[in-house]
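# Coordinate inspection notes
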Amino acid sequence: MLHSMLTTIDNPHDPFTEFDAWLSFDTNAGYHTAGFLARIAVVSDELSEEDQALAIEEAIDEIIKENVNGKYRKVQKEIPSLP
C-alpha cells in the first residue's frame with residue numbers, strides 16, 4: 001500500500017524512517033507541519049482506519065495544491081499491508 005506524508009523542501013530527514021529527527025527539524029524551523037496537517041484533515045474516531053488515511057491523503061493533496069509559499073512537498077513510500 002502506498003502511504004503519503006507531508007514534509008518541507010528543506011527537511012533532510014525521512015518522515016517514514018527518521019520521524020523523531022524529522023519532527024525535531026520541523027519544530028525547530030517553526031513549521032509545525034504535523035499540526036498544520038491535523039487542522040486541515042477531517043478525521044474522526046468514528047471513521048475506519050482506511051477512511052482516516054484517505055482524509056489525510058486528501059488534506060495533503062489540498063495543502064500541496066495551495067502551496068503558495070512553495071515550502072511543502074508530498075513524499076510517498078510503499079508499505080506492505082498487514083494481513
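Here is what the cut-offs are and how they apply
- Residues numbered from 1 in each chain as written.
- Predicted model: local features only at pLDDT ≥ 70, side-chain atom pairs only at ≥ 80, totals over all residues.
- Heavy atoms only, no water.
- Salt bridge = Lys/Arg side-chain N within 4 Å of Asp/Glu carboxyl O.
- Helix = DSSP H or I, 4+ residues; strand = E, 2+ residues; numbered from the N terminus.
- Buried < 20%, exposed > 50% of the residue type's maximum accessible area, 1.4 Å probe, protein only.
- Phe/Tyr/Trp six-rings, centres within 6.5 Å; stacked < 30°, edge-to-face > 60°.
- Contact = heavy atoms within 4.5 Å.

## Comments concerning the pattern of salt bridges
A side chain of one charge can pair with a side chain of the opposite charge if their charged atoms are brought near each other. The final tally for this structure, using the stated rule, is two salt bridges. Linking lysine 74 and glutamate 57 is a salt bridge whose minimum nitrogen-to-oxygen distance equals 2.6 Å. Note that lysine 74 is positioned in strand β2 (residues 72–78) and glutamate 57 in helix α3 (residues 49–65), a separation of 17 residues in sequence. Put simply, lysine 74 and aspartate 61 hold a salt bridge, and the shortest N to O gap is 2.5 Å. Of this pair, lysine 74 sits in strand β2 while aspartate 61 sits in helix α3, and the two are 13 residues apart along the sequence. Owing to a relative accessible area of 34%, aspartate 61 belongs among the partly exposed residues under this scheme. One network of salt bridges, with partners in common, ties together Glu57, Asp61 and Lys74.

## Looking at the packing of aromatic side chains
Scanning all chains against the criterion turns up two aromatic pairs. Where phenylalanine 36 meets tyrosine 72, the ring centres are 5.5 Å apart and the plane angle is 25 degrees; that geometry is what we call stacked. Here phenylalanine 36, found in helix α2 (residues 33–40), pairs with tyrosine 72, found in strand β2; they are 36 residues apart in sequence, far enough to count as distant. Owing to a relative accessible area of 10%, tyrosine 72 belongs among the buried residues under this scheme.

## Some points on the environment of phenylalanine 16
The topology assignment puts phenylalanine 16 in the loop between β1 (2–8) and α1 (19–28). The exposure class of phenylalanine 16 is partly exposed, given its relative accessible area of 24%. A sequence separation of eleven residues divides phenylalanine 16 from methionine 5, and the C-alpha atoms of the two residues are 7.7 Å apart. In contact with phenylalanine 16, not counting residues within four places along its chain, are His3, Ser4, Met5, Val75, Gln76, Lys77 and Ile79.

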